[in-house]
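Close look at the chain arrangement
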Amino acid sequence: MEREQIKMDVVIVGAGPSGLAAAIRLRQLAQDQGRDDLSVCVLEKGPEVGAHILSGAVIDPRSLDELIPDWRDLAAPLKTPAVDDHFLLLREHGSLRLPIPRSLQNQGNYVGSLGHLCRWLGEQAEALGVDIYPGFAAAEVLYDEQGSVRGVATADTGLQPDGTPGPQHEPGVEIVAGRTLLAEGCRGSLSQQVIAAYDLDRDADPQTYGIGIKEVWEVGAEVHRPGTVVHTVGWPLDSRTYGGGFLYHFDERRVSVGFVIGLDYANPNLSPYQEMQRFKTHPEIRRHLEGGRRLSYGARALVEGGLQSCPKLEFPGGMLVGDAAGLLNVARIKGTHTAMKSGMLAADAVFAHWANTSDSATTGVDRALVDSWIWPELKRARNIRPAFARWGLWGGLAYAAADTYLLGGRAPWTLAQHADHEQMQKQSDARPIEYPPPDGEITFPLLSSVHLSNTNHDENQPCHLRLRDSDVPIQVNLADFGAPETRYCPAGVYEIVDGHGGPRLQINAANCVHCKTCDIKDPTQNIQWVVPQGGEGPIYSEM
Amino acid sequence: MKVLVGVKRVIDYNVNIRVKADGTGVETENVRMSTNPFDEIALEEAVRLKEAGICSELVAVTVGDEASQETLRGALAMGADRAIRVHAEMPPQPLNVAALLAAIAREEAVDLVLLGKQAIDDDANQTGQMTAALLGWPQGTFASELTIEDGRARVAREIDGGQQTVELELPAVVTADLRLNEPRFVKLPAMMKAKKRPIEERTPEALGIDMRPRVERVEVSEPVPREAGVRVADVDELLHKLRNEAGVI
C-alpha cells in the first residue's frame with residue numbers, strides 16, 4: 001500500500017527537552033523575523049507529551065532562562081528550589097556524610113518532574129505554532145538518491161505478529177522535511193541507525209550508559225522537606241560497580257527516589273531493579289519513605305560517555321540533539337540543560353540555513369556546539385566517569401577530587417570510555433548475589449512495579465524487541481552469562497521458560513517501558529529495540 | 001440519516017486510578033486522559049454507517065471543560081463531520097449529560113443517537129437510557145450488532161445468558177457494547193486536518209438545561225486491598241485450607 005506524504009520544513013523526532021526546545025526556538029525565530037511560513041512538527045511515540053519522560057530531576061534552569069526568560073511568570077512547573085544538598089557514602093550498616101563535590105552543589109537549580117516540564121514546554125511550543133503529534137512513532141529514516149536524510153516515516157499500525165497487514169492495518173506516513181532533527185533521547189532507535197549510516201562516531205570513544213530506575217512517592221507532611229537533595233554512593237553496590245542513589249523532595253509532598261547503575265557492570269547476576277529496591281531499605285533512605293505510598297515506577301537508560309563519546313551532530317539532511325547525541329553531564333548528573341541548549345543551537349543553525357536558502361551542505365551546528373557553554377562544561381567533567389570505571393569507587397572519588405580541585409578539570413589527558421556490553425563476566429567467574437524478598441512496604445515485587453508504569457502494548461503486533469539471531473539467547477546468553485537479560489530488564493520482559501525442546505527465551509514485549517537497556521547491554525548486541533506502533537509504552541505522569 | 005455520537009474524555013484505561021488523599025474524588029491532574037473506549041466503538045459504528053452511505057451527517061458531541069476539545073479532535077480525525085462541545089465543569093452527572101444530549105439531538109434533528117454503553121470512569125451506565133427516556137425515543141442498549149433498514153434499527157443486544165434482538169423505529173438511541181466493532185487507528189494526516197477544523201461551542205444555559213447535580217457524592221475511597229494468595233503443595237492441603245481456613249466446604 002502506498003504511503004501518504006506530508007511536507008514540512010523541519011520534522012523533530014521526540015518531544016523531550018531537546019526536541020521541544022528546538023521547536024520553540026525555531027518558531028520564535030520565525031515569528032521574530034517575519035518568516036511565519038516556517039513549518040515545524042514534532043512526532044512523539046508516547047501517547048502524550050511527557051508520558052515517556054523520566055529523569056531525576058534536579059534541573060539547571062540555564063537554558064530555560066535563555067529560551068523563555070519569563071518562564072517563572074508563565075506558570076512553568078519548576079517550583080521547588082534545591083536548598084539542601086546531601087552527599088552520603090552508604091555502608092551496609094551506617095553511613096558517612098561526605099563533602100559535597102562542586103558538581104553536585106545545586107544552589108540555583110530546581111527539583112521537579114521533567115515530565116511536567118515537558119508538558120509545559122509542549123504547550124509553549126503549540127502556542128507558537130508548532131504541530132505536536134503524540135501517539136505517532138517515527139519508525140524509519142527516509143533517504144534521498146544522494147544519500148541524505150529527507151525525513152522519517154511513522155510506524156504502520158495494525159500489523160499482525162508475523163508482520164503481515166491485519167484488518168485494521170494503516171500504513172505509516174512519510175514526513176518529508178528540509179531538516180530532520182533526531183531528539184529521541186538516549187539510544188534512540190533511529191539515531192543509532194543514522195550514527196552508523198554516516199559513521200558519525202568515527203572519531204569518538206564508544207558510548208557508555210547507565211540505567212536509572214525511579215519511583216515517585218507521596219510522603220507524610222511531617223517528613224516532607226521540599227528542596228532536599230540526597231545523593232549516595234557505596235552500598236548496596238560493590239566498589240567496582242559504578243552507580244549511586246538519589247532522593248529528591250519536591251512539591252505536593254512528592255519524593256523521587258531512584259538508583260543509577262553504570263551499564264558497564266561486570267557481574268551478570270546483578271539486577272539493577274533489586275539493587276534499587278535494596279537501596280530503599282537503608283535507614284538513611286527508608287526514613288524518608290516510611291508511611292508514604294508509592295505512586296509510580298519507571299526506568300530509562302542514560303548516556304554517560306560525555307565529550308569523548310559524543311558523535312558528530314550533523315548528518316546530511318539533519319542532526320542529532322540532546323541525549324541522542326549523548327550530551328548529559330555525568331559529573332553533575334544533569335542533562336536537561338545541555339539537551340535544551342543543543343536543541344536551541346540546532347534551531348539557530350537550521351533557521352539561518354533555511355532563511356538564507358544557503359547552498360552549503362552543512363549548517364555548522366557542530367561548530368556552534370563547540371563554541372557554546374556546553375563544550376567547556378562537558379570538557380571539565382570528561383575524566384570523572386572513566387576514572388570510576390578504571391579505579392572503582394575509592395580511586396574514582398580520589399581522582400574526581402584531584403581532577404576537580406587541583407587541576408580544575410584541565411588535566412592534559414583524556415581517559416577513554418569502553419563499550420558496556422563487552423564488560424560482562426562469564427557467570428562461572430561471577431559472584432552469586434542473593435537479594436532479600438520484598439517487604440510490601442518499602443520494597444516490592446517487579447511486576448507490581450511494572451504495573452505502576454501504566455505500560456501497555458497491543459499483543460497483536462510484531463514484537464518490537466528483535467533478535468538478530470534467535471539461537472543466541474540460549475546458546476550464548478544462557479550458557480555463558482546465565483541469561484542476564486532476565487535481570488537487567490527492569491520490566492520483566494525477558495524470561496527463560498522450559499519448552500518442549502529445552503529452555504527458550506520468552507519476550508513479554510507488552511511489559512516494555514522503553515528504557516533501551518537490552519539494546520545496550522546484551523553481550524553480543526543481539527537485541528535490537530525498535531518502536532512499536534505509536535501511542536504505546538509507559539504512561540508516566542510525573543516522572 | 002443524521003447521527004449524533006457522544007464522546008467523553010476519561011482517564012486512560014491503562015492508567016492506575018488514584019483516589020485523592022481527601023476522599024473527594026480521583027486524581028485527574030497530570031493524568032493521561034483519552035476517549036472513553038465504548039464511545040470510540042460508537043463512533044466507529046457511525047463512521048461505518050457513513051462509509052456505507054447510510055449516514056449522511058455525523059455530529060460528535062462532548063460535555064466537558066476546554067481540555068475535552070482534544071476528544072473532539074480525535075472524533076473529527078476518525079471521521080465525524082462536525083464537533084460540538086457543551087461547556088461544563090468536570091465531572092458532569094449522567095442526568096445532566098442526558099438532558100444536554102437530548103437537547104442537542106432535538107436541535108440537530110438527528111435520526112440516531114449512538115453512545116457508549118457506559119463511561120469507564122464512573123461506570124454509571126445511565127446516560128443512554130436517560131437520554132432515550134427524556135426524548136421519548138426507543139432504546140437499544142448493549143448493542144453488539146446494528147443494522148439500519150427502512151427507517152428501523154435492528155439491534156442485537158448482549159444480555160445475561162445470550163443475545164436478544166430488538167427492532168426500533170427511528171429516531172432511536174443505541175448504546176455500544178465491546179463486541180460491536182474494533183475501532184480504527186487514527187491516521188496522522190486526518191489528525192493534522194482535524195487540528196484546523198472548527199469546534200462549535202454551546203452552553204447549558206443557551207440550551208435551557210439546569211446543570212445542578214442531583215446526586216451528592218459523599219466519599220470516594222479505594223477498594224480494600226485483596227490479600228495475597230498462597231500456593232498449596234497438593235490437593236489435600238487445598239481441601240484442608242478450604243475446610244478449616246476458608247470454611248467454604
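Residues numbered from 1 in each chain as written. Chains lettered and ligands numbered in written order. Predicted model: local features only at pLDDT ≥ 70, side-chain atom pairs only at ≥ 80, totals over all residues.

Scanning chain A for helices and strands turns up 14 helices and 24 strands. Taken over C-alpha atoms, the radius of gyration comes to 22 Å for chain A, in line with the 24 Å a tight globule of 543 residues would show. On the principal axes, the C-alpha backbone points of chain A span a range of 65 × 60 × 50 Å. Sorting the 543 residues of chain A into buried and exposed places 56% on the buried side. (Helix = DSSP H or I, 4+ residues; strand = E, 2+ residues; numbered from the N terminus. Rg over C-alpha atoms; globule rule 2.2 N^0.38 Å. Buried ≥ 20, exposed ≤ 12 C-beta atoms within 10 Å, placed from the backbone.)

With that out of the way, let us pick up the sheet that holds strand β6 (residues 95-97) of chain A. Residues and elements named next belong to chain A. Spatially, 7 strands are ordered β6-β5-β15-β16-β17-β14-β18 in an open sheet, and the strand pairing comes out mixed. Single-partner strands in this sheet number two, and they are β6 and β18 (293-303). Neighbour-to-neighbour, the strand axes of this sheet turn through a mean angle of 20°, independent of strand direction. Alignment of strand β14 (residues 209-218) against β18, held across 10 bridges, turns out to be antiparallel. Its bridge partner being in β18, G210 is matched across the sheet by L302. Relative to strand β17 (residues 254-262), helix α5 (residues 272-280) is tilted by about 135°, and along the sheet it contacts β14, β16 (243-249) and β17. (Pairing = 2+ DSSP bridges. Axes fitted to C-alpha atoms, helices over the stretch in contact; angles between N-to-C directions. Contact = placed C-beta atoms within 7 Å.)

Residue-level contacts link 23 residues of chain A with 17 residues of chain B. For the side of chain A that touches chain B, the elements supplying multiple residues, two or more each, are β8 (131-134), β11 (157-159) and β12 (165-170) of chain A. Of the residues contributing to the side of chain A that touches chain B, the split by class is 9 nonpolar, 9 polar and 5 charged. (Nonpolar A, V, L, I, M, F, W, Y, C, P; charged D, E, K, R; others polar.)

Reading fine detail from the predicted coordinates is not recommended where pLDDT is low. On average, chain B scores 94 in pLDDT, and the residues at 70 or more come to 100%. Interface confidence for the predicted complex, expressed as ipTM, amounts to 0.87; the pTM equals 0.93. (pLDDT = per-residue confidence, 0-100.)

Residue and element names in this part refer to chain A. Orientation of helix α1 (residues 17-32) relative to helix α7 (residues 336-355), taken along the N-to-C sense of each, is 35°, at an axis distance of 7 Å. Here the hand of the crossing between α1 and α7 comes out right-handed. Counting all contacts with α1, which are made through P17, S18, G19, A21, A22, R25, L26 and L29, the residues of α7 involved are T336, A339, M340, S342, G343, M344, A346, A347, D348, V350 and F351. Looking at the contact of α1 with α7 residue by residue, the classes come out as 12 nonpolar, 5 polar and 2 charged. (Left-handed = near helix turned anticlockwise from the far one by under 90°.)

This brings us to the sheet that holds strand β6 (residues 112-116) of chain B. Residues and elements named next belong to chain B. With mixed pairing, 9 strands are arranged side by side in an open sheet as β9-β8-β7-β10-β6-β1-β4-β5-β11. The open sheet terminates on both sides in strands that have one partner only, identified here as β9 (162-169) and β11 (200-202). The average angle at which neighbouring strand axes cross in this sheet is 30°, direction not considered. Judged from the 3 bridges that link them, strand β7 (residues 139-149) and strand β10 (residues 172-176) form a sheet pairing that is parallel.

This next bit is on the pairing of strand β9 (residues 138-143) of chain A. Residue and element names in this part refer to chain A. A large share of β9 lies buried, amounting to 5 of its 6 residues. Direction of pairing for β9 relative to strand β10 (residues 149-154): antiparallel, over a ladder of 5 bridges. Bridge pairing links V141 to V152 in β10. Hairpin connection from β9 to β10: 5 residues lie between these consecutive antiparallel strands, with G147 at a positive phi of about 90°.

Take the nonpolar core next. Counting 202 residues, the largest nonpolar core has A22 of chain A together with V5 of chain B as the members making the most contacts within it. Element by element, the count of residues in this core is highest for α7 of chain A, at 9 residues. When residues no more than four places from it in sequence are discounted, the contact partners of A22 of chain A are I12, L181, A183, V321, G343, M344, A346 and A347 of chain A. (Core = buried A, V, L, I, M, F, W, Y, C linked by C-beta atoms within 7 Å.)

Okay, helix α10 (residues 384-406) of chain A next. Residues and elements named next belong to chain A. Taking 1.5 Å per residue as the helical rise, α10 with its 23 residues ought to reach 33 Å, whereas the 14 Å between its terminal C-alpha atoms falls clearly short. For α10, the principal kink sits at G392 and spans about 135°. Taken together, the buried positions of α10 are I384, R385, P386, A387, F388, A389, G396, L397, A400 and D403. Residues of α10 that are buried in the fold lie against α9 (374-381). G408 lies just past α10 and shows a positive phi near 60°. (Expected span 1.5 Å × (residues − 1). Bend = angle between axes of the 7 residues up to and from the residue.)

Our next topic: helix α2 (residues 69-78) of chain B. Residue and element names in this part refer to chain B. Across the 10 residues of α2, 7 count as buried, placing the element largely inside the fold. Here α2 has its buried residues at T71, L72, R73, G74, A75, L76 and M78. Of the surrounding elements, those touching the buried residues of α2 are β2 (9-11), β3 (33-35), α1 (37-51), β4 (57-64), β5 (82-87) and α5 (188-196). Looking one or two places after α2, you find G79, whose phi comes out positive at around 140°.

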